[in-house]
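The primary structure of each chain is shown beneath.
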Amino acid sequence: MRAMTSTLNPAQRMDTTAAVAVALTVIGWASAFPAIRAGLAAFGPLELGALRFAIAAVPAAIFLAVRRPTLPRTGELWRLAFGGAVFVALYTAMLNFGELTVSAGAAGFIINVSPIFTAIMAMALLGERFSTMAWVGTAISFSGIGIIAMADGQGLHFDTGALLVLGSALCSAVNTIVQKPLFARHHPLTIAASNMVLGALCLAPFLPAAFSQAAVADMGGLGAVIYLGVVPSLIAYAAWATALSRLPAARASNFLYLVSPMSALIGFFWLGEVPMLLGLLGGALALGGVIVVNLKR
């Protein structure tokens, strides 16, 4: 595995492409929380995930067929399979089941353990460096996400649902480390499209039930699953692959602290959920921490 350091080469600087990719990822994944809540009113957790990624897999498969990317080496096959099975299928199943009982603020808090997992593993396995100032910024962001969870009316309870959401956060972090070496040989959109197709295949056994539920679902549920398939899946996963190809894993993951406050903002406009003053303070801290991590970058 090729070592990574904090000395960024031109392909790892925060250029315009990386900035746009990060923004699309944050907005796309933040909007997934209210969309999942809306979708679960009409679909079961596994059926929602199966239909979501079936929608995303169609254009992804067309992209792969037209582009005809370089075939992976034998040693890379497991990394691609990991992305589909773990980063897409398992992550989605655990998050959907978790959101049946875990509130939005609490889910956002738990999911934001992922950047910490990623930073620790990136240092141990990829040789990346994370400065003292970067850890300070991480602590500030994580504190802000904790305040958001406290501001949520239902609070933070570590029940089975919370453990499932924690498991989805671990899936995301491990996949970031597992797939990072692929970007040395493969285009990020190729990796993202492969994740979509393989993940959809893993969830395919639940598609018949999903179609049955879709036949009786209301427009709100159908709109939610279509939105999930296009924005948080097809667009955001592609954007994340692009960001990860241009930034060190630990630094790219740090931007995910912005997902929770952005989700609260989207929830305000989509679901009419009014954030409390404490939640606004938490969002400001989360943003401030990300700024600290990226000082002098």
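Residues numbered from 1 in each chain as written. Predicted model: local features only at pLDDT ≥ 70, side-chain atom pairs only at ≥ 80, totals over all residues. Heavy atoms only, no water.

Caption draft 1: View of helix H3 (residues 77-98). Counted at 1.5 Å a residue, the expected span for H3 with its 22 residues is 32 Å, and the 30 Å between its end C-alpha atoms agrees. At Tyr91, H3 is bent by approximately 30 degrees, the largest bend along its length. (Helix = DSSP H or I, 4+ residues; strand = E, 2+ residues; numbered from the N terminus. Expected span 1.5 Å × (residues − 1). Bend = angle between axes of the 7 residues up to and from the residue.)

Caption draft 2: The packing of H3 against helix H8 (residues 188-203), seen in detail. Across the interface, H3 lies against H8 with an axial gap of 8 Å and an inter-helix angle of 65 degrees. Crossing of H3 over H8 shows right-handed handedness. Facing Leu80, Ala81, Gly83, Gly84, Ala85, Phe87, Val88 and Ala89 of H3, the residues of H8 in contact are Ser194, Asn195, Met196, Leu198, Gly199, Cys202 and Leu203. (Axes fitted to C-alpha atoms, helices over the stretch in contact; angles between N-to-C directions. Left-handed = near helix turned anticlockwise from the far one by under 90°. Contact = heavy atoms within 4.5 Å.)

Caption draft 3: The arrangement of the packing of aromatic side chains in detail. Per the stated rule, a full pass over the model turns up six aromatic pairs. Here the aromatic rings of Trp29 and Tyr237 are separated by 5.5 Å at their centres, their planes lie at 75 degrees, and the arrangement is edge-to-face. Residue Trp29 is located in helix H1 (residues 16-39), and its partner Tyr237 is located in helix H10 (residues 219-246); the two are separated by 208 residues in the primary sequence. Take Trp29: its relative accessible area is 13%, and that puts it in the buried class. What makes Tyr237 buried here is its relative accessible area of 3%. Connected via pairs of aromatic rings, a cluster forms that spans Trp29, Phe53, Phe87, Tyr91, Tyr237 and Trp240. (Phe/Tyr/Trp six-rings, centres within 6.5 Å; stacked < 30°, edge-to-face > 60°. Buried < 20%, exposed > 50% of the residue type's maximum accessible area, 1.4 Å probe, protein only.)

Caption draft 4: Quick look at the packing of helix H2 (residues 45-67) against H3. At their nearest, the axes of H2 and H3 sit 8 Å apart, and the two run at 140 degrees to each other. When the axes of H2 and H3 are compared, the pair comes out oblique. Along this stretch, H2 crosses H3, giving a crossing that reads as right-handed. Contacts from Pro45, Leu46, Leu48, Gly49, Arg52 and Phe53 in H2 reach Val88, Thr92, Ala93, Asn96 and Phe97 in H3. A per-class count over the contact of H2 with H3 returns seven nonpolar, three polar and one charged. (Parallel < 35°, antiparallel > 145°, perpendicular 65-115°, else oblique. Nonpolar A, V, L, I, M, F, W, Y, C, P; charged D, E, K, R; others polar.)

Caption draft 5: Summary view of the side chain of Glu47. Residue position: Glu47 is located in helix H2. For the buried Glu47, which has no salt bridge, the nearest side chain bearing the opposite charge is Arg52, at an N-O separation of 13 Å. Residues within four places of Glu47 in sequence aside, it is in contact with Phe206, Ala209, Ala210 and Gln213. (Lys, Arg positive; Asp, Glu negative; His and termini not counted. Salt bridge = Lys/Arg side-chain N within 4 Å of Asp/Glu carboxyl O.)

Purely spatial values, then, with no claim about function.
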